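A closer look at the structure
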Amino acid sequence: MKEAEIRSRTAHNTYLALVSADAERLAQDHSAFAAIDCPCCGGRSIIEEFQKAGFRYVSCESCATLFVNPRPTFDSLMALYADSPSTRYWVEEFFKPMAEARRARIFRPRAQYVAEHFPDVARGRVGDIGAGFGLFLEELQALWPAANLVAIEPSADMAAILRTKGIPVVEQMLEQVPPSEAGFDLLTAFELFEHLHDPAGFLRHVARLLRPGGVLYLTTLSGFGFDIQVHWASSKSVSPPHHLNFANPASMARLLERTGFDVIEIATPGELDWDIVEGNWQQEGIDPGRLWRTVSRHGGDDAKRRLQGWIRESGFSSHLRAVARRRG
Ligand SMILES: [Zn+2]
C-alpha cells in the first residue's frame, strides 16, 4: 500500500492548515485547557519535547508516551468536532473522495481481521465508536449478516448518513453512552484514541459497556512510529488540537491493564511509514536526515520493502493495533 492510495497530498496539506488554524484559535483561550498526568501510566514526571501551533508536547519519563499537556477540555474538543472548518473539510474534501479506496484497503481488512479472530461474535452485538460513514460496519455486515451492528457516532451529519444505510446509531460521544446500552460483545475504535481528552476514562467506559470477556479492538498512532520519530515536531501526524496522545506498544499495554482489560495483541501492522518519510522528502523537501536521505536516493526497492518489514515487525510503525478483553 502507498500513501497516495489512501489520501491526496494536496487535500491532506489543506486539511492540516485548517487544523493548525483551529489550534491557534483554541490556544488563545486558556480556560479551555486542563493539565493532566500521563494519559497512559498516570506518571507525573514529564520531559519537555516541543511546542507546536501553541500546544505543548511532553513525554512521560516512565512510559515514554508523547502527549499534549495542558490539553483542551472535553467540552472544548466536543465543540471543535461538532462544527469546525477542519472537520467539515475532512468529511467533504479529504475523506469522501477516497472513501471507496479506503474501504478496500483499510476497512475491509479490519472486518476480515475481526471475522477471523472472533468467530464466536458472528451473531453478537458489535459497536463501532466514531463510526463515521459506516464503512467498517458495512464490511463487517457483509461477513456477518446475523450480527447486531451499532454505530456510536456523535455527529448529526454522520448519523443521518448511517441511518440511510440502515445502520442503527447511538448518537452520542462514547463517554455519554448510558449503561442501558451495555452488553456489547465487541467494540471497535479506529483512529480515535489519539484525539481523546481522557484515554483512561474512555477505556473504563468502554469496559463498562462490554460484557465480561467482551473484546475491544482499537487502532491509533504510536509515538515510537518510524515516520513520527524521524520527523518528530514536524511530523504531519503531530497535529494539535486533534492529535493529543501518542502511546507506544508498551504504554498502551499498561493503560489497558490498568483500565480493566487483558491484552490479547499489541502490534504495529503499518505499511506506510517509509513511504510517508520518503514522500515528504522527495515531494516537499521535509528533511529526514542523512541516513534516510541516503536510503531514499541509493536504496533499492527491495531494501525499502525490507526496511518497512522491519519497522512493522519490530513494533516501530506509527500504526498501532491493540486488541484486549474485558476482565471479569
Ligand atoms: Zn506514562
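Look a little higher up for the structure.
Residues numbered from 1 in each chain as written. Predicted model: local features only at pLDDT ≥ 70, side-chain atom pairs only at ≥ 80, totals over all residues.

Some words on unusual backbone geometry
For clarity, the cut-off: Numbering of helices and strands starts at the N terminus; helices are DSSP runs of H or I of at least 4 residues and strands are runs of E of at least 2. Each residue is classed by its C-beta neighbour count within 10 Å, where at least 20 other C-beta atoms makes it buried, 12 or fewer makes it exposed, and intermediate counts make it partly exposed; the C-beta atoms are placed from backbone geometry.
Here the amide bond leading from Asn69 into Pro70 is cis, since omega sits at -5°, within 30 degrees of zero. Tracing the backbone through its elements, the reader meets Pro70 in the loop between strand S4 (66-68) and strand S5 (71-72). Omega for the peptide link from Pro240 to Pro241 comes to 5°, which places this bond in the cis form. Tracing the backbone through its elements, the reader meets Pro241 in the loop between helix H9 (226-231) and strand S11 (245-246). In this structure, Ala53 is a non-glycine residue whose phi angle is positive, near 50°. Following the sequence through the fold, Ala53 ends up in the loop between strand S2 (46-52) and strand S3 (55-60). On the basis of neighbour count, Ala53 is assigned to the partly exposed category, with 18 C-beta atoms found within 10 Å. If you check the backbone angles, Ala64 has positive phi at about 70° while not being a glycine.

Regarding the sheet that holds S4
Counted only if it meets this: Each pair of strands is called paired provided DSSP finds at least two bridges between the two strands.
The strand order across the open sheet formed by four strands is S2-S3-S4-S11, and the pairing between neighbours is antiparallel. Sheet topology places S2 and S11 at the edges, where each strand pairs with a single neighbour. Sheet topology places S4 next to S11; two bridges connect them, and they run antiparallel. Residue pairing for S11: Leu66 is matched across the bridge by Phe246.

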